[in-house]
Amino acid sequence: AQTVTQSQPEMSVQEAETVTLSCTYDTSENNYYLFWYKQPPSRQMILVIRQEAYKQQNATENRFSVNFQKAAKSFSLKISDSQLGDTAMYFCAFTPPQGGSEKLVFGKGTKLTVNP
Amino acid sequence: DGGITQSPKYLFRKEGQNVTLSCEQNLNHDAMYWYRQDPGQGLRLIYYSQIVNDFQKGDIAEGYSVSREKKESFPLTVTSAQKNPTAFYLCASRIGAERGLNEQFFGPGTRLTVL
């Protein structure tokens, strides 16, 4: 079974500091797709960043960046200059290589709290 | 404004009753999905549809049913066969059904509580 593991159920960080959320996944494929989604207290899921495994360059979106280690099957999310609005559940998701359909397998999430 | 709407936001059901959750999108997306979210469990896929009049079971389809008669609508019925239906339900859509970097867009969710 395809799995995504987020080993940190909860984390906290001080405003303006940097925090890294970990994610590992299980696959034998060479090309696949990885995503980080954010779910704030409103519970609206929002895409934070995405990465194609075929590309070795780490994706970056403003204060959010990933450290993609393909051999280690690791896809960590780094949030720089943390802001109070970053407080949310963060889910790592992975597209398993099944057929031609796009399905996402989610990790169990990391609850991030940014403290003032 | 384009987006995904889910209704109702909160839903209460008595044991033994079927209930239908609505999901509508005006993004002209081909693919639509239903997820269930429980505390500490992340999101789990219930059903998905790649095209009108076609849908497939996800990882936890037992006790649920869906239909896709129109491109913009993908209602989910929680039947009395679902043993533990109390959960937060999220609907999502995507521009295409093929694998790739296209993201899934999510609705605001429906909180179902069985009394």
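Keep in mind that what you see is a predicted model, and the values were worked out from it rather than measured. (Residues numbered from 1 in each chain as written. Chains lettered and ligands numbered in written order. Predicted model: local features only at pLDDT ≥ 70, side-chain atom pairs only at ≥ 80, totals over all residues. Heavy atoms only, no water.)

### Thoughts on the state of the cysteines
Tallying each qualifying case throughout the model produces two disulfides over all chains. The side chain of Cys23 of chain A participates in a disulfide bridge whose partner is Cys92 of chain A; the two sulfur atoms lie 2.0 Å from each other. One quick way to see it: the torsion about the S-S bond of Cys23 of chain A and Cys92 of chain A is about -70°, and its sign makes the bridge left-handed. Placement of Cys23 of chain A in the loop between strand S3 (19-21) and strand S4 (24-25) and of Cys92 of chain A in strand S10 (residues 88-95) is noted, with a sequence separation of 69 residues between them. Here Cys23 of chain B engages in a disulfide with Cys91 of chain B; their sulfurs sit 1.8 Å apart. Between Cys23 of chain B and Cys91 of chain B, the S-S torsion sits near -70°, and that sign places the bridge as left-handed. With Cys23 of chain B in strand S3 (residues 19-25) and Cys91 of chain B in strand S9 (residues 87-94), this residue pair connects regions lying 68 residues apart in the sequence. Both residues of the pair, Cys23 of chain B and Cys91 of chain B, count as buried. (Disulfide = S-S within 2.5 Å. Helix = DSSP H or I, 4+ residues; strand = E, 2+ residues; numbered from the N terminus. Buried < 20%, exposed > 50% of the residue type's maximum accessible area, 1.4 Å probe, protein only.)

### Topic: the pattern of salt bridges
All names here are of chain B. Scanning the entire structure with this criterion turns up five salt bridges over all chains. Between Asp30 and Lys71 there is a salt bridge whose closest N-O contact spans 3.4 Å. One end of the pair, Asp30, is in the loop between S3 and strand S4 (31-38); the other, Lys71, is in the loop between strand S7 (64-66) and strand S8 (76-78), and 41 residues separate them in sequence. The structure contains a network of salt bridges with shared partners spanning Arg36, Asp38 and Arg44. (Salt bridge = Lys/Arg side-chain N within 4 Å of Asp/Glu carboxyl O.)

### As for the packing of aromatic side chains
All names here are of chain A. The full count for this structure, using the stated rule, is 16 aromatic pairs over all chains. A ring pair is formed by Tyr25 and Phe94, whose centres lie 5.5 Å apart and whose planes are at 20°; its orientation type is stacked. Of the two residues, Tyr25 is situated in strand S4 and Phe94 in strand S10; the sequence distance between them amounts to 69 residues. Phe94 matches Tyr25 in its accessibility class, with the two residues each being buried. (Phe/Tyr/Trp six-rings, centres within 6.5 Å; stacked < 30°, edge-to-face > 60°.)

### Focus: the sheet that holds S3 of chain B
Residue and element names in this part refer to chain B. Here we have four strands laid out as an open sheet, ordered S1-S3-S8-S7, and antiparallel in their pairing. Each edge of the open sheet carries a strand with a single partner, namely strand S1 (4-7) and S7. Averaged over all pairs of adjacent strands, the angle between strand axes in this sheet comes to 20°, irrespective of strand direction. Across four bridges, S1 lies against S3 in antiparallel orientation. (Pairing = 2+ DSSP bridges. Axes fitted to C-alpha atoms, helices over the stretch in contact; angles between N-to-C directions.)

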